[in-house]
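# Examination of the molecular architecture
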Amino acid sequence: MATGYFFFQLAQTTKIIAFAFLVLTMLYTLPFFPNRKNARNWAGVKIYIVSFCWVGITLFLPVINEGMPIDIEICVIAVQRFILIFVLILIFEIVDLKVDDPNLKTVPQQIGVEKTKIIGSILLLVFILLCFFQIDFSFPSLFVRVGVAFTIFLFLLLAHEKKSKYYTSFWVEGIPILWWVLLLVFS
């Protein structure tokens, strides 16, 4: 009920975009097509849909609702956020390798675990380098982002098929809480 109330408090454009993300999320979770269970089972597409939805809902919806322009700063943040979500999902895909259907064609299934870790590491480096392109660059902000990227890097390096489900469902999913704590301490 609260969700419905707050949804109607949003600007009209935000409601339309939120609805588009809702449809994309439903496409990801619910079966719409006769030959496929849902978009999650589309070969190689899952990681992009999830990353895109996270960026859209956590960045673009608030920006659009506030009437802010989507400038270079917002685009840099969007790319950074996409990279972080993408790399976090890579960790899940590595750990889930033993239970995932081979037809999913996840990144580790297609290129192997070691190459997946290399790609994730390179993407985290790009994430850090993008910090220098932000207009409101500051060393405390850089320190927080480097700390989060390094933590994700460690979890990526330690990920393997035999890890417990708690590795991802508790520790990896707890990284945003660490990020929040770092923001509180260093802001």
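Residues numbered from 1 in each chain as written. Predicted model: local features only at pLDDT ≥ 70, side-chain atom pairs only at ≥ 80, totals over all residues. Heavy atoms only, no water.

### Remarks on the side chain of Lys15
For clarity, the threshold we go by: Counting from the N terminus, the helices are DSSP H or I runs at least four residues long and the strands are E runs at least two residues long. Relative accessibility under 20% of the residue-type maximum defines a buried residue, over 50% an exposed one, and the middle range a partly exposed one, all with a 1.4 Å probe and only protein chains included. Lys and Arg are tallied as positive, Asp and Glu as negative. Neither His nor the chain termini are counted. Here, a salt bridge means any side-chain nitrogen of Lys or Arg that lies within 4 Å of a carboxyl oxygen of Asp or Glu. Only heavy atoms matter for contacts: two residues are in contact if any of them lie within 4.5 Å across the pair.
Structurally, Lys15 is set in helix α2 (residues 12-29). For Lys15, which is buried and forms no salt bridge, the nearest opposite charge comes from Glu66, at a distance of 14 Å. Leaving out residues up to four positions away in the same chain, Lys15 has contacts with Phe7, Phe8 and Leu10.

### Looking at helix α6 (residues 113-130)
An α-helical segment advances 3.6 residues per turn. Residues three or four places apart therefore align on the same side. Basically, it comes down to this: Helix span, expected: 1.5 Å multiplied by one less than the number of residues in the helix. The directions considered for the arc run from the helix axis to the C-beta atoms.
Taking 1.5 Å of rise per residue, 18 residues should cover 26 Å, and α6 covers 26 Å from first to last C-alpha, within 8% of that figure. Looking only at α6, the buried set comprises Val113, Thr116, Lys117, Gly120, Leu124, Phe127 and Leu130. Along α6, the residues classed as buried sweep out an arc of 140° about the axis, all on the same side. The exposed residues of α6 that point more than 90 degrees off its buried face are Glu114 and Lys115.

### Overview of the side chain of Glu93
Within the fold, Glu93 resides in helix α4 (residues 72-95). Lys46 provides the closest opposite charge to the buried, unpaired Glu93, separated from it by 4.3 Å. Residues contacting Glu93, with those up to four places away along its chain left out, are Lys46, Ile47, Asp100, Thr106, Val107 and Pro108.

### Quick word on the packing of aromatic side chains
We apply this condition: Stacked, tilted and edge-to-face are the three classes assigned to paired rings of Phe, Tyr and Trp, where Trp is represented by its six-membered ring and a pair needs centres within 6.5 Å; plane angles under 30 degrees give stacked, over 60 edge-to-face, the rest tilted.
A full pass over the atoms with the stated rule returns eleven aromatic pairs. Their ring planes at 80° and their centres at 5.5 Å tell us that Phe7 and Phe8 sit as a pair that is edge-to-face. Phe8 gets classed as exposed once you look at its relative accessible area, which sits at 59%. Between Tyr48 and Phe86 the ring centres are 5.5 Å apart and the planes differ by 50°, which places this aromatic pair in the tilted class.

### Concerning the packing of helix α7 (residues 139-158) against helix α8 (residues 165-172)
To describe two helices that pack against each other, one gives the angle between their axes and the distance between the axes. In plain terms, the rule: Helix axes are fitted to C-alpha atoms over the stretch in contact, other axes to C-alpha atoms as well, and angles between N-to-C directions run from 0 to 180 degrees. An angle counts as roughly parallel when it lies under 35 degrees, as roughly antiparallel when it exceeds 145, as roughly perpendicular when it falls between 65 and 115, and as oblique in every other case.
Interaxial distance between α7 and α8 falls to 12 Å at its minimum, and their mutual angle equals 175°. In terms of axis orientation, α7 runs roughly antiparallel to α8. Seen from α7, the contacting residues are Leu154, Phe155 and Leu158; seen from α8, they are Tyr167, Trp171 and Val172.

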